[in-house]
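# Coordinate inspection notes
The residues making up each chain are set out below.
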Amino acid sequence: MAKGTLRICAKGHPYYKSSDCPACPECERTKRPETGFLSELAAPARRALQHAGIGSPEELALHTEKEILGLHGMGPASMPVLKAALAASKLKFRS
């Protein structure tokens, strides 16, 4: 038995959601980048960064760790991925 309310996205995909989040899981899978650090993040964290205009390690390095954690959809589980992406580019979060 599926949990939540049956919804249908604008593209016609049926899905169940128990929250008010309007994101269709099927549509989100098609939006996931194939490479780069954004491809390693869960959809809510990826959307949070994209909504903030962050798509590269260089853009990420312009922010503090606290600012990133304050984004809606970003949680502590994403931080190791972000720190690894920064380290690979020889960057760090802004102090």
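Provided above is the structure to which this section pertains.
This text gives an overview of the structure that appears in the document.

Reading the values: rules and limits
Residues numbered from 1 in each chain as written. Predicted model: local features only at pLDDT ≥ 70, side-chain atom pairs only at ≥ 80, totals over all residues. Heavy atoms only, no water. Helix = DSSP H or I, 4+ residues; strand = E, 2+ residues; numbered from the N terminus. Buried < 20%, exposed > 50% of the residue type's maximum accessible area, 1.4 Å probe, protein only. Contact = heavy atoms within 4.5 Å. Areas by Shrake-Rupley, 256 points an atom, 1.4 Å probe, with all protein chains shown as cover. Lys, Arg positive; Asp, Glu negative; His and termini not counted. Charge placed at Lys NZ, Arg CZ, Asp CG, Glu CD. Salt bridge = Lys/Arg side-chain N within 4 Å of Asp/Glu carboxyl O. Core = buried A, V, L, I, M, F, W, Y, C linked by side-chain atoms within 4.5 Å.

### Overview of the overall build of the protein chain
Scanning the protein chain from N- to C-terminus turns up five helices and two strands. The linear arrangement of helices and strands in the protein chain, starting from the amino end, is β-β-α-α-α-α-α. Reported as C-alpha extents along the three principal axes, the dimensions of the protein chain are approximately 45 × 25 × 20 Å. Counting the 95 residues in the protein chain, one finds 33% classified as buried. Across the protein chain, the fraction of contacts at a sequence separation of at least 24, relative to all contacts at a separation of at least 6, is 34%. If you sum the accessible surface of the protein chain, you get close to 6,400 Å²; carbon and sulfur atoms cover 57% of it. For the protein chain, the centre of its 14 positive side-chain charges and the centre of its 9 negative side-chain charges are spaced 4 Å apart.

### What to know about the pattern of salt bridges
Counted by the stated rule, this structure contains three salt bridges. With a closest N to O distance of 3.2 Å, Glu 65 and Lys 83 form a salt bridge. Remark: Lys 83 occurs in helix 5 (residues 79-88) and Glu 65 occurs in helix 4 (residues 65-69); sequence separation between them is 18 residues. As a salt-bridge pair, Glu 67 and Arg 94 come within 2.8 Å of each other at their nearest N and O atoms. With Glu 67 in helix 4 and Arg 94 in the segment after helix 5, this residue pair connects regions lying 27 residues apart in the sequence. On the basis of relative accessible area, Glu 67 is assigned to the partly exposed category, the value being 34%.

### Examining the nonpolar core
Ranked by internal contacts, the top residues of the largest apolar core, which has 16 residues, are Phe 37, Leu 41, Leu 49, Leu 60, Ile 68, Leu 82 and Phe 93. When contributions to this core are tallied by element, the ones reaching two or more residues are helix 2 (43-51) and helix 5. If one sorts the elements of this core by residue count, helix 5 sits on top with five residues. In this structure, Phe 93 is in contact with Leu 60, Ala 61, His 63, Thr 64, Glu 65, Ile 68, Met 79, Leu 82, Lys 83 and Leu 86, ignoring residues within four places of it in sequence.

### Here's the deal with the environment of Asp 20
In this fold, Asp 20 is placed in the loop between strand 2 (14-17) and helix 1 (25-31). Put simply, Asp 20 and Thr 5 are 15 residues apart on the chain and 9.9 Å apart in space, counted from C-alpha to C-alpha.

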